[in-house]
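Remarks on the overall topology
This is what each chain is made of:
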Amino acid sequence: MKKLLAVSVLALALGACAQAPSGSAPEHTPMTADRAAPALDGATLSAYDWRLTEAADRLGKPIEALRTRPERPLRLSFSGTSLSVLGGCNTQFGGYALESGALRVEGLAATMKACAPELMQLDAGIAARLKGRLAARIEGEAQAPRLVLTTTGGDVLAFAGVPTPETRYGGPGETVFLEIAPERVACGHPLIPDHRCLRVRERRYDAAGVLQPPAADWQPLYQPIEGYEHQDGEHAILRVKRFTDPHPPADRSSRVYILDLVVQR
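What you are looking at is a predicted structure, and each value in this text was computed from that prediction instead of being measured.

What the protein contains, in helices and strands, is four helices and 16 strands. Considering the protein as a whole, with its 265 residues, one finds that 36% of them fall into the buried category. Restricting to contacts in the protein with at least 6 residues of sequence separation, those with at least 24 account for 60%. For the protein, the exposed area adds up to about 15000 Å²; of that, 54% sits on carbon and sulfur atoms.

Below is the structure:
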């Protein structure tokens, strides 16, 4: 069973790379200080990670089934004509279309994991509301927009827009696999005394999903990998997106790494 799961994860990891070559990814432009509310269109929806901040019924009472933890918010992600719902137990996905002042959601499918009751309740609660025609509007400025959806039953769901990495850095980034050594190492840093770095090396898989021998030596990684928290003694292989920050902080490299998937841990 473990072997079958590992093969499935590798196939998923490699498939994601094959489906999103850098040459075919949609173009994005870096965020600007535009103070006007963004338009309700596919480009705007795809440019943000939409995180649920408020959920109230038609009487204004909070919807308990949609209460989420701050560290794990319910999120909507749009790409092309596809919608994904993340942050609950299972990933839910389906199609969507924009109509005049409305978002129409096609039937959502979902992965089939079992989780704690509150997460299963969250999945059921959002699936019951994200269907059919929902009145939609975008409020606020481009730096911090809000997507407000109203169901036919009068429930109101508000989502805060957080720019995606592609929006922040003005491009699709590069997908790479990084192997993480179990222990951090001391590494010199001009601004951080006694700094300890992850040791990493880039890895590759062939077309059949077989991990190839390392082609590079271990190197210290001075910057963090966003979304990844390393536990000392733990070996891992990660699929990450690598971006170039045109205006890096003084204590950071211009390269930015963001976790996309833990392939092996």
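Next comes the rest of the account.
With that out of the way, let us pick up the confidence of the model for the protein. Residue-level pLDDT values for the protein average 86, and 85% of them are 70 or greater. Strand 8 (residues 146-150) holds the highest mean pLDDT among the elements of the protein, 98, whereas helix 1 (residues 2-19) holds the lowest, 40. When the criterion is pLDDT under 50, residues 1-33 qualifies, and its contacts beyond four places in sequence or with other chains add up to 37 contacts.

Turning our attention to the nonpolar core. Within soluble globular proteins, side chains that are nonpolar generally end up buried alongside one another. The biggest cluster of nonpolar side chains holds 30 residues, and the ones touching the most others in it are W50, L76, F78, L147 and L149. Residue assignment for this core shows that the elements contributing at least two residues are strand 1 (48-56), strand 2 (75-79), strand 3 (82-86), strand 5 (102-105), helix 3 (117-129), strand 7 (132-139), strand 8 and strand 9 (156-163). Broken down by element, the residue count for this core peaks at four residues, all from strand 1. Residues in contact with L76, not counting those within four places in the same chain, are Y48, D49, W50, L83, S84, V85, L130, L147, L149 and F159. Counting residues in each nonpolar core, the second largest holds 12 residues, with L178, L198, I225 and L238 among its members.

This part covers the packing of aromatic side chains. Under the criterion given, the structure shown has four aromatic pairs. Ring centres 4.9 Å apart and planes at 75 degrees place the aromatic pair F78 and Y96 in the edge-to-face group. Taken together, the positions of F78 in strand 2 and Y96 in strand 4 (residues 92-99) put the pair 18 residues apart, joining distant regions of the chain. Judged on exposure class, the residue F78 and its partner Y96 are both buried. The ring of W218 carries R199 above its face, with NZ or CZ at 5.1 Å from the centroid.

Reading the values: rules and limits
- Residues numbered from 1 in each chain as written.
- Predicted model: local features only at pLDDT ≥ 70, side-chain atom pairs only at ≥ 80, totals over all residues.
- Heavy atoms only, no water.
- Helix = DSSP H or I, 4+ residues; strand = E, 2+ residues; numbered from the N terminus.
- Buried < 20%, exposed > 50% of the residue type's maximum accessible area, 1.4 Å probe, protein only.
- Contact = heavy atoms within 4.5 Å.
- Areas by Shrake-Rupley, 256 points an atom, 1.4 Å probe, with all protein chains shown as cover.
- pLDDT = per-residue confidence, 0-100.
- Core = buried A, V, L, I, M, F, W, Y, C linked by side-chain atoms within 4.5 Å.
- Phe/Tyr/Trp six-rings, centres within 6.5 Å; stacked < 30°, edge-to-face > 60°.
- Lys NZ or Arg CZ within 6 Å of the ring centre and 35° of its normal.

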